[in-house]
Amino acid sequence: MIVWSIANQKGGVGKTTTTITLAGLLSKQGKRVLLVDTDPHASLTTYLGYDSDSVPSSLFDMFQLKEYTEQTVMPLVMRSDIEGIDLIPAHMSLATLDRVMGNRSGMGLILKRALNAIRSHYDYVLIDCPPILGVMMVNALAASDRILIPVQTEFLAMKGLERMVRTLAIMQKSRNKSFNVTIVPTMYDKRTRASLQTLQQLKKDYPSQVWSSAVPIDTKFRDASLKHLPVSHFASGSRGVFAYKQLLIYLERLAIND
């Protein structure tokens, strides 16, 4: 089982789009994919057509478990309407975890233990992270084989990336764990100087971590979200899908060595 977290401390850079698109492509390959929504705003849960306020259980319930076994964790998993894709949904109660449970011993490893308990059920787990550093992001990063950082190709997003890189450095030092990181340029518009310059700067500043290509602006992403479908299932021939296919090939090569 391969676990990827999609994280950035800046919102609006394409985290949920990256998560659901990669999941759609993997499911089309026949892979068994589990999506984990760790954001109290529940964007991924909503994308898949669920009302986070009315789901029978959520990720919050996982943090209430006394033990983490296949029998206790699998009942928290929901089947989505997309073949091959399951979901552990988010709920707004996740926003209270830092306050009520943040100091509990071992709190940062709960998600890792839970996923290990059900690893035989899935080929891939993709974790959509909130844009703030807290218990949920710490859990996601600790459980991951690789961190994907979507970065919008504009100047302000570069500042968000710097903050995220500093966060990872702090966590690496405190936990004595190195992270495999891939920076994914998103919302690229080759017609604008801002996009061109930002992509060049990413390659200059993070030559060993940045994916060499970029995900273009594509209205099909928005159209697919309205239908609650991955864009791979809605408009398989779109340029956005082509870009994510290339990204997935790149990530699968990296996974061999992770």
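Above this note sits the structure.
Residues numbered from 1 in each chain as written. Predicted model: local features only at pLDDT ≥ 70, side-chain atom pairs only at ≥ 80, totals over all residues. Heavy atoms only, no water.

Caption draft 1: Representation of the overall build of the chain. Helix and strand counts for the chain stand at 12 helices and seven strands. Computed over its C-alpha atoms, the radius of gyration of the chain comes to 17 Å, within 12% of the 18 Å expected for a compact globule of 258 residues. By its C-alpha atoms, the chain is 55 × 40 × 35 Å across when sized along the principal axes. Partitioning the contacts of the chain with sequence separation of at least 6, the portion at a separation of at least 24 is 78%. Only carbon and sulfur atoms are counted for the fraction: they give 50% of the accessible area of the chain, which is about 12,000 Å². Of note, the chain has its 30 positive side-chain charges centred 7 Å away from the centre of its 22 negative side-chain charges. (Helix = DSSP H or I, 4+ residues; strand = E, 2+ residues; numbered from the N terminus. Rg over C-alpha atoms; globule rule 2.2 N^0.38 Å. Contact = heavy atoms within 4.5 Å. Areas by Shrake-Rupley, 256 points an atom, 1.4 Å probe, with all protein chains shown as cover. Lys, Arg positive; Asp, Glu negative; His and termini not counted. Charge placed at Lys NZ, Arg CZ, Asp CG, Glu CD.)

Caption draft 2: Highlighting helix H12 (residues 239–255). For H12, built from 17 residues, the straight-helix expectation of 24 Å at 1.5 Å per residue is met to within 8% by its first-to-last C-alpha distance of 24 Å. Among all positions of H12, only Gly240, Val241, Ala243, Tyr244, Leu247, Leu248, Leu251 and Ala255 are buried. Axial view of H12: buried residues confined to an arc of 155°, hence all on one face. Among the exposed residues of H12, those pointing more than 90 degrees away from its buried face are Arg239, Phe242 and Arg253. Looking at the packing, one finds that the buried side of H12 touches strand S1 (2–6), helix H1 (15–28), strand S6 (146–152), strand S7 (181–186), helix H10 (219–226) and helix H11 (231–234). (Expected span 1.5 Å × (residues − 1). Buried < 20%, exposed > 50% of the residue type's maximum accessible area, 1.4 Å probe, protein only. Arc of directions from axis to C-beta.)

Caption draft 3: How the structure looks around the packing of aromatic side chains. This model, assessed by the stated rule, comprises two aromatic pairs. Summarising the aromatic geometry, the rings of Phe221 and Tyr244 are spaced 5.9 Å apart at their centres and angled 85° between planes, so their arrangement reads as edge-to-face. Of this pair, Phe221 sits in helix H10 while Tyr244 is found in helix H12, placing the two residues 23 residues apart along the sequence. Taken as a pair, Phe221 and Tyr244 share a single burial class, namely buried. (Phe/Tyr/Trp six-rings, centres within 6.5 Å; stacked < 30°, edge-to-face > 60°.)

Caption draft 4: A look at the nonpolar core. With 50 residues, the main nonpolar core has Met62, Leu115 and Ile127 as its most contacted residues. Listed by contribution, the elements that provide at least two residues to this core are strand S2 (33–37), helix H3 (59–62), helix H6 (110–117), strand S5 (124–128), helix H7 (135–143), S6, helix H8 (155–175) and S7. Among the elements that take part in this core, H7 stands out by supplying seven residues, more than any other. If near-sequence neighbours (up to four positions away) are discounted, Ile127 is found in contact with Val3, Trp4, Ser5, Ile6, Val36, Thr38, Leu111, Leu115, Ala140, Ala143 and Ser144. (Core = buried A, V, L, I, M, F, W, Y, C linked by side-chain atoms within 4.5 Å.)

Caption draft 5: Broad picture of the pattern of salt bridges. Taken as a whole and assessed by the stated rule, the structure comprises four salt bridges. With a shortest N-O distance of 3.4 Å, Arg32 and Asp123 are connected by a salt bridge. Residue Arg32 is found in the loop between H1 and S2, and its partner Asp123 is found in the loop between H6 and S5; the two are separated by 91 residues along the sequence. Under the relative-accessibility criterion, Arg32 is labelled partly exposed at 37%. (Salt bridge = Lys/Arg side-chain N within 4 Å of Asp/Glu carboxyl O.)

Caption draft 6: Up close: the packing of H6 against H7. Interaxial distance between H6 and H7 falls to 7 Å at its minimum, and their mutual angle equals 45°. Judged by the inter-axis angle, H6 sits oblique to H7. Taken as a pair, H6 and H7 cross one another with a handedness that is right-handed. When H6 is examined against H7, the residues Ile110, Leu111, Lys112 and Leu115 are found in contact with a partner set consisting of Asn139, Ala140, Ala142 and Ala143. Class assignment of the residues belonging to the contact of H6 with H7 gives a composition of six nonpolar, one polar and one charged. (Axes fitted to C-alpha atoms, helices over the stretch in contact; angles between N-to-C directions. Parallel < 35°, antiparallel > 145°, perpendicular 65-115°, else oblique. Left-handed = near helix turned anticlockwise from the far one by under 90°. Nonpolar A, V, L, I, M, F, W, Y, C, P; charged D, E, K, R; others polar.)

Caption draft 7: Structural detail: the environment of Ser213. Within the fold, Ser213 resides in the loop between helix H9 (193–205) and H10. Ser213 sits in the partly exposed class, given a relative accessible area of 35%. Separated by 31 residues in sequence, Ser213 and Tyr244 place their C-alpha atoms 9.9 Å apart. Apart from residues no more than four positions distant in its own chain, Ser213 is found in contact with Pro185 and Leu199.

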